[in-house]
Amino acid sequence: MSQHDHHWSIETCLVHAGVPNRLSDVAGRATVLPIHASTTYLHPSAEALDQAFSGSTASGERTFFYARYGNPNACAFEESMAQAESGVGAVAFGSGMAAIYAALLAAGLATGTKILASRDLYGPTTELLRTVFAPIGVEVILADLCSSTTVDVVHAEQPDVILVETISNPLVKVVDLDAMSAAAQEVGAVTVVDSTFTTPYLVKPIEHGFDLVVHSATKYIGGHGDSTAGVAISAKRTLLDQLRTYAILLGAMLSPFESHLLLRGLRTLSLRVERQCQNAAQVAHFLQQHPAIACVHYPGLPNHPQHAIATRLFHRYGGLLAFELQEQSRAAAFRFMNRLQLCLPATTLGDVFSLVSYPPISSHRTLTEADRSNMGITEGCIRLSVGIEQAQDIISDLAQALE
Ligand SMILES: Cc1ncc(COP(=O)(O)O)c(C=O)c1O
């Protein structure tokens, strides 16, 4: 019996992510999976090797023969993610962008098809649609998919594929996953969601009707700013097979060492995210009453436009927030960032330490100012990924930088 056969909570399953089956009859097994730094794998006979090329043993267990086709560490990570997201399986990738690219291909995006995507996507994801998919004849429609007219947009556009983020970057808008998947089903669209900001601890989009879930595992899943990875989880076996094919053919698979770091990250995911959400709520309330702040974007605040949707969908409101300085200028934003002593001005999120980023020079750098303004990203907008430090220390740092 493996941990998959138990009905343990997500917290418990994550703590045991990748831990070998304790009922194995092999004596003295390591509790932590060793890092399999091997390009190829030996099998007891040519017949067994022949069988291994199909990806599984004669008894149906996953097996390995060449690193680009998979490795035991990535496999353990994939199984843990599939379980955490309630999917039929998962495929690990070398980055979040690789996972998104493969998920879109698996969803069937090809010449002559149409994708309806949120206009609030992470900048490089929008760029991927424009520079890779549009030139091969994919019709790319970007629309506000966080509004109450979302269902009408889906019905009007009749897309083949829909791509959204659970919480958008940087303005933390929330997509109604239930309404979106129901509308997608009516028009026969394959649904893909980037759940990087929420992690399976806050929401499991497959349980809300989505077909494919992707993560930049570089963020909350790794959680310590020391690994770059992506993962795509599928609700359907056919899509899973497609994901695996693209990971192999594009050479976009995840290395054993990165997989090891991610499995270690998964064990503390729920503790970290729980604390990050608590801290973010306190920071949001502090910023909201500060005279130098024009507005705060956080789904946990009752005045957030999708607060009710977030309350229905999410276990907590997340560790990400954005705020706008009263002085709407790049100079004011730079001054604020230069004064910070605790929060790191680094272009990532979801780490144990608090991180600030200025979207016009980082995540949304490649978009035009008009595109950014269309998305509501002003020159005074700062994104804060709240870490697991003591909340009052984060607040004190922000306070002194805002003085
Ligand atoms: C929401 C979201 N999706 C995808 C990505 C891309 O992930 P990666 O940098 O791991 O390729 C990012 C990176 O910041 C992101 O924020």
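The present account deals with the structure reproduced in this document. The structure presented is a predicted model; accordingly, all values stated were derived computationally and were not measured.

**Comments concerning the site of the ligand**
Here comes step 1: Contacts to the ligand come from 13 residues, most closely from Met97, Asp194, Ser216, Thr218 and Lys219.
Here comes step 2: In the environment of the ligand, a nitrogen atom lies 2.6 Å from a nitrogen or oxygen atom belonging to the side chain of Asp194.
Here comes step 3: Interatomic distance of 2.8 Å between a side-chain N/O atom of Lys219 and an oxygen atom of the ligand.
Here comes step 4: A total of 390 Å² of accessible area belongs to the ligand in isolation, and the protein chains cover 88% of it.
Here comes step 5: Counting residues per element, the shell around the ligand draws most heavily on helix H4 (residues 96-106), which supplies three residues.
Here comes step 6: Residues belonging to the shell around the ligand are distributed by class as follows: six nonpolar, five polar and two charged.

**Re the nonpolar core**
The nonpolar side chains of a soluble globular protein tend to be buried with one another.
Here comes step 1: Residues Phe77, Met81, Leu116, Ile162, Val164, Met180 and Leu266 are the most contacted members of the largest nonpolar core, which totals 57 residues.
Here comes step 2: Each of domain 1 (3-36 + 71-267) and domain 2 (270-402) contributes no fewer than three residues to this core.
Here comes step 3: Apart from the residues within four sequence positions on either side, Leu116 is in contact with Ile141, Ala143, Leu145, Val153, Val154, Glu157, Pro159, Val161, Ile162 and Leu163.

**Regarding the packing of aromatic side chains**
Here comes step 1: On inspection of all chains with the given rule, the structure shows seven aromatic pairs.
Here comes step 2: Between the aromatic rings of Tyr41 and Phe64, the centroid separation amounts to 5.8 Å while the plane-to-plane angle is 50°, which identifies the pairing as tilted. With Tyr41 in the loop between helix H1 (10-15) and helix H2 (46-52) and Phe64 in the loop between H2 and helix H3 (72-84), this pair connects stretches of sequence that are 23 residues apart. The burial state of Tyr41 is the same as that of Phe64; both residues are buried.
Here comes step 3: Clustering of aromatic rings is evident, with ring pairs tying together Phe53, Phe65, Tyr66 and Tyr69.

**With respect to the pairing of strand E6 (residues 212-216)**
Here comes step 1: Buried residues dominate E6, accounting for five of its five residues.
Here comes step 2: Side chains of E6 alternate between two faces, with Leu212, Val214 and Ser216 and Val213 and His215 buried alike.
Here comes step 3: Pairing analysis gives three bridges linking strand E5 (residues 190-194) to E6, with the strands arranged parallel. Along E6, the bridge assignment pairs Val193 with Val213.
Here comes step 4: Examined bridge by bridge, E6 and strand E7 (residues 230-234) share five bridges and lie antiparallel to one another. Pairing of Val214 across the sheet is with Ala232, part of E7.

**Looking at the pattern of salt bridges**
Here comes step 1: All told, the structure shown has ten salt bridges when counted by the stated rule.
Here comes step 2: Asp178 serves as the salt-bridge partner of Arg312, at 2.7 Å between the closest nitrogen and oxygen. You can see Arg312 sitting in helix H12 (residues 307-313) and its partner Asp178 sitting in helix H7 (residues 177-187), a full 134 residues away along the chain.
Here comes step 3: Given a relative accessible area of 46%, Arg312 falls into the partly exposed group.
Here comes step 4: Classification of Asp178 as partly exposed rests on a relative accessible area of 29%.

**Concerning the sheet that holds E6**
Here comes step 1: The mixed open sheet is built from seven strands, whose spatial order is E1-E7-E6-E5-E4-E2-E3. Looking at the sheet topology across the chains shown, the edges are occupied by strand E1 (89-93) and strand E3 (139-143). Pairs of neighbouring strands in the sheet enclose a mean axial angle of 20°, with direction left out of account.
Here comes step 2: Each of E1, E5, E6 and E7 is contacted by helix H9 (residues 237-249), which is oriented at about 20° to E1, the strand it contacts most.

**Observations concerning empty space enclosed by the protein**
Here comes step 1: This model, assessed by the stated rule, comprises three cavities of 30 Å³ or more.
Here comes step 2: Counted as a void, the largest cavity has a volume near 60 Å³.
Here comes step 3: Mapped onto the lining of the largest cavity, the elements with two or more residues apiece are H3, E1 and H9.
Here comes step 4: It is H9 that provides the largest number of residues to the lining of the largest cavity, a total of three residues.

**Comments concerning the pairing of E7**
Here comes step 1: Across the five residues that make up E7, a large majority, five, are buried.
Here comes step 2: Judged by which residues are buried, E7 turns out to be covered on both faces: Gly230, Ala232 and Ser234 on one side and Val231 and Ile233 on the other are all buried.
Here comes step 3: Pairing of E1 with E7 involves five bridges; the strand directions are antiparallel. Across the sheet, Val91 pairs through a bridge with Ala232, a residue of E7.

Rules and cut-offs
- Residues numbered from 1 in each chain as written.
- Predicted model: local features only at pLDDT ≥ 70, side-chain atom pairs only at ≥ 80, totals over all residues.
- Heavy atoms only, no water.
- Near = heavy atom within 4 Å.
- Polar contact = N/O pair within 3.5 Å; in protein donor to acceptor, adjacent residues only side chain to side chain.
- Areas by Shrake-Rupley, 256 points an atom, 1.4 Å probe, with all protein chains shown as cover.
- Helix = DSSP H or I, 4+ residues; strand = E, 2+ residues; numbered from the N terminus.
- Nonpolar A, V, L, I, M, F, W, Y, C, P; charged D, E, K, R; others polar.
- Core = buried A, V, L, I, M, F, W, Y, C linked by side-chain atoms within 4.5 Å.
- Buried < 20%, exposed > 50% of the residue type's maximum accessible area, 1.4 Å probe, protein only.
- Domains from an automatic or database assignment.
- Contact = heavy atoms within 4.5 Å.
- Phe/Tyr/Trp six-rings, centres within 6.5 Å; stacked < 30°, edge-to-face > 60°.
- Pairing = 2+ DSSP bridges.
- Salt bridge = Lys/Arg side-chain N within 4 Å of Asp/Glu carboxyl O.
- Axes fitted to C-alpha atoms, helices over the stretch in contact; angles between N-to-C directions.
- 1 Å grid on protein atoms, 1.4 Å probe; cavity = no way out; pocket = protein on both sides within 12 Å on 5 of 7 lines; lining within 4 Å.
- Points joined across faces, edges and corners; volume = space filled by probe spheres on them.

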